[in-house]
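What follows is each chain in one-letter form.
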Amino acid sequence: MITTNRMSRIFALIFALFLFVNTMFAQEAFTLTQAIDYGIKNSTAMRNIALDQEDADFQIKETLAIGYPQLNGQVGLQRFLQIPANIVDVTAFGPVIDPVTGMVINPDDIPDDQRYEKLAFGLKNSLSGQLDLNMLLFDRSYLIGLKAAKQLKTLVNSRIAVTEVEITNNIRQAYLATLIIDETKQTLLNNITNIDKTLAETRALNQAGFVEALDLERLELSRSNLDVELDKLEDQRGLLYNVLKYQMSYPVEKDITLTDNVNTLLLDALEVDISETVDVGQRPEFQIFQERYKINEYNLKRLEASYYPNVVGFASYGLTYNADRLFRSNGVGWIPSSLIGVQINVPIFDGFATKNTIERAKISVLKIKNEEVELKRALNLQAHNAKIEYKRALQSISTAKRNLELAQKIYNTTLIKYREGIGSSLETIQAERDVYTAQANYNNAIYNVVVAKSGLDNAVGKR
């Protein structure tokens, strides 16, 4: 007999297993905004920018380190296998006495082989240790280089906005295309339901002898073609979902659900003021260009600052131990030495190398100035064209909507005539195809409007 506690544990295990399976196979749902946020958060490009930000921080610290005290130590050991000898004039140590006569010998009378002797000075082993401290006290190039390093971080931060815009556009287009194909699929299913109803009525009329078999066969062929279209649509739908997941950096093997509505996105896309003034200064691409220009200006100033002197302070402390036998005998002990000083380095003439480098840097700055004019022209052109594309998309969707309404009206009328026996199945099938075409055109028009609105927002510097 199973006890109550055992039954409770079994139910708990079953419930936990159910939750696990439900979690494993649950589909995540995304609105367009959520999909964009997910894509930005998980984008490889954004992760690389985060790494570039860290790298820029380390570059600033690396530049700062040039101005910090630099301490270096060295230890050396040398042993003379043969102590080098020096030529010594014996007369330099006092009068030279003749050992036979005891008289002082005139130095000029002493032959060279007796007057000069080879004497070896020093001990065989020398052990030394030294600490050297150097510090840059003033360098104008260093100060400007530090500003340039900080400006580089600002440039990296500016890339975030550009990358986010690219990710947003890619996800928006993929999301919308997927919504459109879902909408198209639902429309096709509705059409299949309608034609199945018509086909059932026609089959009954054919059996009753009121409709020819040819009319029935035409409808059956049309119904079969819808199945083919549905299969093609399913394949395209799977591909578009995979593209969307790729743009979102979402695992392609997992399923997702889209919760936004095409009509909601369309209404949002229709609320645009195309008379809005274009401010290219708000474009992230232009801001990146400005940061590049500032960095090049800093580089020019840094080169010009190399004409100025720099000041370096230094200090050194060392110990030397000399002996024939290290740490055993006849050593003279540790001999200390120390010094401090300041050194001023003054550039005088370098063969015009710095001058030519500065002139090249000036040319680079002038080229960037010219590029700025071209960039403004390109951004203004893009904004102008974006407004034209948006206007054209609005006109297209208005026309597509009227055509769809008209095609649907014609189809309804044709279907009524066919059911009343005064119309042909050929007319009905043609009207039905016209509805399909109008529906596809309307869906494409929706896509074009939303994409055009997105392009217009980007062109005028809106997020």
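Above this note sits the structure.
A brief report on the enclosed structure follows. (Residues numbered from 1 in each chain as written. Predicted model: local features only at pLDDT ≥ 70, side-chain atom pairs only at ≥ 80, totals over all residues. Heavy atoms only, no water.)

### Regarding the nonpolar core
- By size, the foremost hydrophobic cluster in this structure holds 48 residues, and its most contacted members are L244, M248 and I256.
- Counting residues per element, this core draws most heavily on helix α10 (residues 425-459), which supplies 11 residues.
- Counting residues in each nonpolar core, the second largest holds 12 residues, with F289, L303, V365 and L375 among its members. (Core = buried A, V, L, I, M, F, W, Y, C linked by side-chain atoms within 4.5 Å. Buried < 20%, exposed > 50% of the residue type's maximum accessible area, 1.4 Å probe, protein only. Helix = DSSP H or I, 4+ residues; strand = E, 2+ residues; numbered from the N terminus.)

### Some words on the pairing of strand β9 (residues 310-323)
- In the sheet, strand β7 (residues 125-138) pairs with β9 via 13 bridges, with the strands oriented antiparallel. Considered in β9, the bridge of Q130 is made with G318.
- Bridge count for β9 against strand β10 (residues 334-345) is 12 bridges, and the pairing is antiparallel. Along β10, the bridge assignment pairs G318 with S337. (Pairing = 2+ DSSP bridges.)

### Details of the pattern of salt bridges
- Here the structure, examined in full by the defined rule, presents 16 salt bridges.
- Here K369 ties to E372 by a salt bridge, and the two come within 3.4 Å at their closest N and O atoms. Placement of the pair is K369 and E372 together in helix α9 (residues 353-419), with a separation of 3 residues, close to one helical turn.
- Accessibility expressed as a relative area gives 10% for E372, which makes it buried.
- Linking K453 and D457 is a salt bridge whose minimum nitrogen-to-oxygen distance equals 3.0 Å. With K453 and D457 both in helix α10, this residue pair falls 4 residues apart, about one helical turn. Both residues of the pair, K453 and D457, belong to the buried class. (Salt bridge = Lys/Arg side-chain N within 4 Å of Asp/Glu carboxyl O.)

### Let's talk about the sheet that holds β7
- Pairing is antiparallel across the open sheet formed by 4 strands, whose spatial order is β2-β7-β9-β10. Strand pairing shows two members of the sheet lacking a second neighbour, β2 (70-79) and β10, which therefore form its edges. Within this sheet the neighbouring strands show an average axis-to-axis angle of 15°, counted without direction.
- Sheet analysis places β2 next to β7, joined by 10 bridges and oriented antiparallel. (Axes fitted to C-alpha atoms, helices over the stretch in contact; angles between N-to-C directions.)

### Overview of a nonpolar patch on the surface
- Taken together, the side chains of M135, L137, F138, L143, V342, I344, V346, I348, F349 and F352 define a hydrophobic patch exposed on the protein surface, amounting to about 1,100 Å² of accessible area.
- Looking at the nonpolar patch element by element, the count peaks at 3 residues for β7.
- Following the sequence through the fold, M135 ends up in strand β7.
- Overall, the relative accessible area of 34% leaves M135 in the partly exposed class. (Patch = residues over 30% accessible without salt bridge, like charges linked within 9 Å, V, L, I, M, F, W, Y side chains within 5 Å. Areas by Shrake-Rupley, 256 points an atom, 1.4 Å probe, with all protein chains shown as cover.)

### So, the packing of aromatic side chains
- Under the defined criterion, the tally for this structure stands at 6 aromatic pairs.
- Here F286 and F289 contribute two aromatic rings whose centre-to-centre distance is 6.4 Å and whose plane-to-plane angle is 20°, an arrangement assigned as stacked. Placement of both F286 and F289 in helix α8 (residues 284-305) is noted, with a separation of 3 residues, approximately one turn of the helix.
- Given the relative accessible area of 7%, F286 is considered buried.
- Relative accessible area serves as the criterion here: at 6%, F289 is assigned to the buried category.
- Linked through ring pairs, F30, Y38 and Y250 together constitute an aromatic cluster.
- Here the guanidinium or amino end of R140 rests over the ring plane of Y308, the centre of that ring lying 4.4 Å away. (Phe/Tyr/Trp six-rings, centres within 6.5 Å; stacked < 30°, edge-to-face > 60°. Lys NZ or Arg CZ within 6 Å of the ring centre and 35° of its normal.)

### Describing α8
- The terminal C-alpha atoms of α8 lie 32 Å apart, and with 22 residues this matches the ideal 32 Å at 1.5 Å per residue to within 8%.
- Those residues of α8 not exposed but buried are P284, F286, I288, F289, E291, Y293, L300, L303 and A305.
- The inward-facing, buried residues of α8 abut α5 (140-207) and α9. (Expected span 1.5 Å × (residues − 1). Contact = heavy atoms within 4.5 Å.)

### Some details on unusual backbone geometry
- Backbone geometry places S249, a non-glycine residue, at a positive phi of 60°.
- If you trace the backbone, S249 turns up in the loop between α6 (213-248) and β8 (256-258).
- Take S249: its relative accessible area is 30%, and that puts it in the partly exposed class.
- For F352, which is not glycine, the phi dihedral falls at a positive 65°.
- You can see F352 is positioned in the loop between β10 and α9.
- Exposure remark for F352: the relative accessible area of 49% places this residue in the partly exposed category.

### Some thoughts on the packing of α5 against α6
- Look at α5 against α6: their axes get within 9 Å of each other, and the N-to-C directions meet at 165°. Relative to α6, the element α5 is oriented roughly antiparallel. Where α5 crosses over α6, the two elements pack in a sense that is left-handed.
- Of the residues assigned to the contact of α5 with α6, the class counts are 21 nonpolar, 10 polar and 10 charged. (Parallel < 35°, antiparallel > 145°, perpendicular 65-115°, else oblique. Left-handed = near helix turned anticlockwise from the far one by under 90°. Nonpolar A, V, L, I, M, F, W, Y, C, P; charged D, E, K, R; others polar.)

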